[in-house]
Amino acid sequence: MLQLSSLQRRELRAQAHGLNPVVSIAENGLTEGVLKEIDVCLTAHELIKIRVYGDSRDNRIAYLEQICSELGAAPVQHIGKLLVVYRPAPADAKAAPKKQAPRRPASAPRKTKRSFQG
């Protein structure tokens, strides 16, 4: 499980304030499908909110610990029925260059709407 300093945790809580929950854990609990979806979301976004439907506080704490231990993430916040989890993106994903869209040749001027109306 990844450990965060209090300063890092405070900054991540501030960033997570405006986020909406991307994954929900319902009555079936933390299944393999839910864990896989959380893993995909963490890879894409690094910082996510998870909503847990259920009244048991002990279950929510157990879910948070299980998510963080199995996925190598850090718990940021557990408030009410929301869990905030952070996992930094892998270094190889950041180093991959982005593909750029093909550009039109600079020598050809762009045709306007009026040029087609004849």
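Calculation notes
Residues numbered from 1 in each chain as written. Predicted model: local features only at pLDDT ≥ 70, side-chain atom pairs only at ≥ 80, totals over all residues. Heavy atoms only, no water. Pairing = 2+ DSSP bridges. Helix = DSSP H or I, 4+ residues; strand = E, 2+ residues; numbered from the N terminus. Axes fitted to C-alpha atoms, helices over the stretch in contact; angles between N-to-C directions. Contact = heavy atoms within 4.5 Å. Core = buried A, V, L, I, M, F, W, Y, C linked by side-chain atoms within 4.5 Å. Buried < 20%, exposed > 50% of the residue type's maximum accessible area, 1.4 Å probe, protein only. Lys, Arg positive; Asp, Glu negative; His and termini not counted. Salt bridge = Lys/Arg side-chain N within 4 Å of Asp/Glu carboxyl O. Polar contact = N/O pair within 3.5 Å; in protein donor to acceptor, adjacent residues only side chain to side chain.

Q: Pulling in residues and values, what's your account of the sheet that holds strand β2 (residues 47-52)?
A: Read across the open sheet, the four strands follow the order β1-β2-β4-β3; overall the sheet is mixed. Here the strands that pair on one side only, and so sit at the sheet edges, are β1 (23-25) and β3 (74-79). Pairs of neighbouring strands in the sheet enclose a mean axial angle of 25°, with direction left out of account. When β2 meets strand β4 (residues 82-86), the two strands line up antiparallel, connected through five bridges. Bridged to R51 within β4 is L82. Across the sheet, helix α1 (residues 6-16) is in contact with β2, β3 and β4; its angle to β3 comes to roughly 60°. Together, β1, β2, β3 and β4 form the strand contacts of helix α3 (residues 57-71), whose direction differs from that of β3 by roughly 165°.

Q: Residue-level account of the nonpolar core, with values.
A: With 19 residues, the main nonpolar core has I25, L30, I38, I50, I67 and V85 as its most contacted residues. Taken together, the elements giving at least two residues each to this core come down to β1, α2 (32-45), β2, α3 and β4. Ignoring sequence-local partners within four residues, the contact set of I67 consists of I25, L30, L35, I38, I50, G72 and V85. Core analysis: the next-biggest nonpolar cluster, separate from the first, contains eight residues, L4, L12, L47 and V76 among them.

Q: Could you give me a rundown of the environment of L35, with the residues and numbers involved?
A: Along the chain, L35 falls in helix α2. Residue classification places L35 among the buried residues on the basis of a relative accessible area of 6%. For the pair formed by L35 and V23, sequence separation is twelve residues and the distance between their alpha carbons is 9.5 Å. The residues contacting L35, other than those within four sequence positions of it, are L30, Q66, I67, E70 and L71.

Q: Outline the side chain of K49, supporting the account with residue identities and numerical values.
A: In this fold, K49 is placed in strand β2. Here K49 sits buried without a salt bridge, and the closest side chain of opposite charge, E46, lies 16 Å off (N-O distance). One polar contact links the side chain of K49 to the main-chain carbonyl oxygen of A16, over a distance of 3.3 Å. Leave out the neighbours within four places in its chain, and K49 touches A16, H17, L19, N20, P21, V22, V23, L82, L83 and V84.

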